[in-house]
Amino acid sequence: MNIGGIEQGVSLYGFDQRWVEDPDYTIEDCLDDVHELGVQRFELVGAVFFDRYPRPSVQEIDRVRAAADRRGLVPFSYGGYADVGRITGHEPVDEDYILDLTADLMTAVELGCHHLRAGAVPLHLLPLAAMLAEQYDVNVGIEVHAPSKPSDPDVQQMLAEFERIGSRRLGFVPDFGCFIERPAEPALARYLAAGADRRLLEFVIENRHSGMTEDEVFARVREQGGGQAERMAISDFFGFLSFGPADLDGFATLLPWTQYFHSKFYHVDAQLEDPTIPLEKLLGAIVASGFRGVLMSEYEGHAFHNGDALEQLRRHLLLERRILSGGSGR
């Protein structure tokens, strides 16, 4: 689906749960799901879908390409990594980063992808990365992923280095998970099932960035009758489920050097609403920038084990189309 120069795609990452839990779910089944969603372009994450990562076998590559061809699908991007934890106690050196990048570029070429979502590449190696990208005819995109924000100093330093190098082979892949403003509904459902009070959860969300500490928020919750279920939520909201005001100004600075987007999401309800991520504002900024390219829907709600990836992706694609076509996102 192409709307005003923006084409929708789907990351196979969203099908992780079924891929891991159902041994009968094949790459052909996965691409059947993509075809059913009515998009052509997809992203494949090598560490998930290939047995022989980082260098999959010829048979694995051929199987993906044949399955895609039969369904009229296009391998648009390949998700690679810099495997910094491969050797316990070993800090990666320059050669490690370049070997991983080269392996992923080779796989991207073999799949027919023109984009690589690369792993971490140190600033001083970006000129070499640009040279390798040119050699392999594959663009290298560095993902900006939570808990990072676009305005973070290291991200802005990378932006400045892209501008200095001046190669359009390099750029960003902004992940919309950076812009989470409240927990997803499936996350809240876990605390409610454990006995939490919805009103108190909303109190915690409203006061997450009020200046109170974690302990102070819990003290206020206890005063209102809260207990361990709310305590668990507070711990998560101040930790791995952290959220905050979306860095939209920082996002705007990345747009001139963005190659494509990971339109990350966790839950879209039956009314096609998602209060978690300010999708309408993000898409508005993208359209205003004049961007022409791919918006890759990436479902991460499988973290809640609801087994609903196909339906969630269908809803998310519809929500994106409604916004891009001028309808209200909320």
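Note that this is a predicted model, so its numbers are computed, not measured.

1. A closer look at the side chain of R182
Piece 1. Checked against the element boundaries, R182 lands in the loop between β7 (170-174) and α8 (185-193).
Piece 2. When its relative accessible area of 19% is taken as the criterion, R182 is described as buried.
Piece 3. Here E202 takes part through its side chain, which lies 2.9 Å from a polar atom of the side chain of R182.
Piece 4. Not counting residues up to four positions away in its chain, the partners in contact with R182 are L188, E202, I205, F243, P275 and T276.

2. Some remarks on helix α5 (residues 94-111)
Piece 1. Compared with an ideal rise of 1.5 Å per residue, which puts 18 residues at 26 Å, α5 spans 26 Å between its outermost C-alpha atoms and is within 8% of the ideal.
Piece 2. All of the buried residues in α5 are D96, Y97, I98, D100, L101, T102, A103, D104, L105, T107, A108 and L111.
Piece 3. Here the buried face of α5 lies against α4 (58-70), β4 (74-79), β5 (115-118), α6 (126-136) and β6 (139-144).
Piece 4. Positive backbone phi, approximately 90°, marks G112, located one or two places after α5.

3. Overview of the nonpolar core
A general tendency of soluble globular proteins is for nonpolar side chains to be buried together.
Piece 1. Membership of the largest hydrophobic core comes to 98 residues, with the highest contact counts inside it found for L12, F15, F176 and I286.
Piece 2. Beyond its immediate chain neighbours, meaning those up to four positions away, I286 contacts I6, F176, F251, L255, F261, F291 and L295.
Piece 3. Counting five residues, the second largest nonpolar core, distinct from the first, contains F76, V173, V294 and M296.

4. A look at the pairing of β5
Piece 1. By the alternation rule, side chains of β5 split into H115 and R117 and L116 and A118, which are all buried.
Piece 2. Two elements, β4 and β5, share three bridges in a ladder whose sense is parallel. Note that in β5 the partner of Y78 across the bridge is L116.
Piece 3. At this point the chain moves from β4, through α5, to the parallel β5, and the crossover so formed is right-handed.
Piece 4. The sheet contact formed by β5 and β6 spans four bridges and is parallel. Opposite L116, over in β6, you have V140 as the bridge partner.
Piece 5. You can see the chain leave β5, run along α6 and come back into β6, and the turn it takes is right-handed.

The rules behind the values
Residues numbered from 1 in each chain as written. Predicted model: local features only at pLDDT ≥ 70, side-chain atom pairs only at ≥ 80, totals over all residues. Heavy atoms only, no water. Helix = DSSP H or I, 4+ residues; strand = E, 2+ residues; numbered from the N terminus. Buried < 20%, exposed > 50% of the residue type's maximum accessible area, 1.4 Å probe, protein only. Polar contact = N/O pair within 3.5 Å; in protein donor to acceptor, adjacent residues only side chain to side chain. Contact = heavy atoms within 4.5 Å. Expected span 1.5 Å × (residues − 1). Core = buried A, V, L, I, M, F, W, Y, C linked by side-chain atoms within 4.5 Å. Pairing = 2+ DSSP bridges. Right-handed = clockwise from strand over helix to strand, strands pointing away.

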